[in-house]
Amino acid sequence: MANIKIERGATPGRLAELGVADWPIWTKDVSTFPWEYDSRETCYLLEGEVVVTPEQGQAVRFGAGDVVTFGAGLRCTWDVRAAVRKHYHFG
């Protein structure tokens, strides 16, 4: 079963360990949309607030400063409450 893992308030050491500075950046204005993950994604939110609701699960909220990992196969709805700017990495 695909899942969502949140690391709140990632430290600079943790971000360096992940190599976040080398990841591309994605932005999204306030909106709601369905999404499916073909592969695992790890992201680090620079700005924003999001509520993600899996098809088979409970809504989770995360925002700036959080590292979030989405499992491959996850089907969900993204509800962007405050514009997002995030680093992301697939695999």
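Small disclaimer: the values here were computed from a predicted structure and weren't measured. (Residues numbered from 1 in each chain as written. Predicted model: local features only at pLDDT ≥ 70, side-chain atom pairs only at ≥ 80, totals over all residues. Heavy atoms only, no water.)

Caption draft 1: Examining the side chain of Glu7 more closely. Within the secondary structure, Glu7 is located in strand S1 (residues 4–7). Within the structure, the side chain of Glu7 is placed 2.8 Å from the side chain of Arg14, a separation counted as a polar contact. Each residue touching Glu7, except ones within four places of it in the same chain, is listed here: Arg14, Gly65, Asp66 and Val67. (Helix = DSSP H or I, 4+ residues; strand = E, 2+ residues; numbered from the N terminus. Polar contact = N/O pair within 3.5 Å; in protein donor to acceptor, adjacent residues only side chain to side chain. Contact = heavy atoms within 4.5 Å.)

Caption draft 2: How the structure looks around the packing of aromatic side chains. In this structure the tally under the stated criterion is nine aromatic pairs. The interplanar angle of 40 degrees and the centroid separation of 5.8 Å between the aromatic rings of Phe70 and Trp78 together place this pair among those described as tilted. The exposure classification of Phe70 matches that of Trp78, with both residues buried. Judged by centre distance (5.8 Å) and plane angle (70 degrees), the rings of Tyr88 and Phe90 are edge-to-face. The class of Phe90 is partly exposed, set by a relative accessible area of 43%. Across the ring face of Phe33, the terminal group of Lys28 is positioned such that the distance to the ring centre comes to 5.1 Å. (Phe/Tyr/Trp six-rings, centres within 6.5 Å; stacked < 30°, edge-to-face > 60°. Buried < 20%, exposed > 50% of the residue type's maximum accessible area, 1.4 Å probe, protein only. Lys NZ or Arg CZ within 6 Å of the ring centre and 35° of its normal.)

Caption draft 3: Quick look at the nonpolar core. If you look at the biggest cluster of nonpolar residues, it comprises 15 residues, and the most contacted ones within it are Val50, Val52, Phe62, Phe70 and Trp78. Of all the elements in the fold, those that place two or more residues in this core are strand S4 (41–54), strand S6 (67–70) and strand S7 (75–90). Core analysis: the second largest hydrophobic core is formed by six residues, Ala10, Leu15, Trp23 and Val67 among them. (Core = buried A, V, L, I, M, F, W, Y, C linked by side-chain atoms within 4.5 Å.)

Caption draft 4: Quick peek at the pattern of salt bridges. In the structure shown here, the tally under the stated rule is nine salt bridges. Taking the shortest distance from any N to any O, the salt bridge between Arg14 and Glu7 comes out at 2.8 Å. Using a relative accessible area of 23% as the deciding quantity, one classes Arg14 as partly exposed. Notably, a salt bridge pairs Glu36 with Arg75, separated by 3.4 Å at the nearest N-O pair. Here the residue Glu36 occupies a position in strand S3 (residues 31–36), and Arg75 occupies one in strand S7, the gap between them amounting to 39 residues. The exposure class assigned to Arg75 is partly exposed, which follows from its relative accessible area of 42%. (Salt bridge = Lys/Arg side-chain N within 4 Å of Asp/Glu carboxyl O.)

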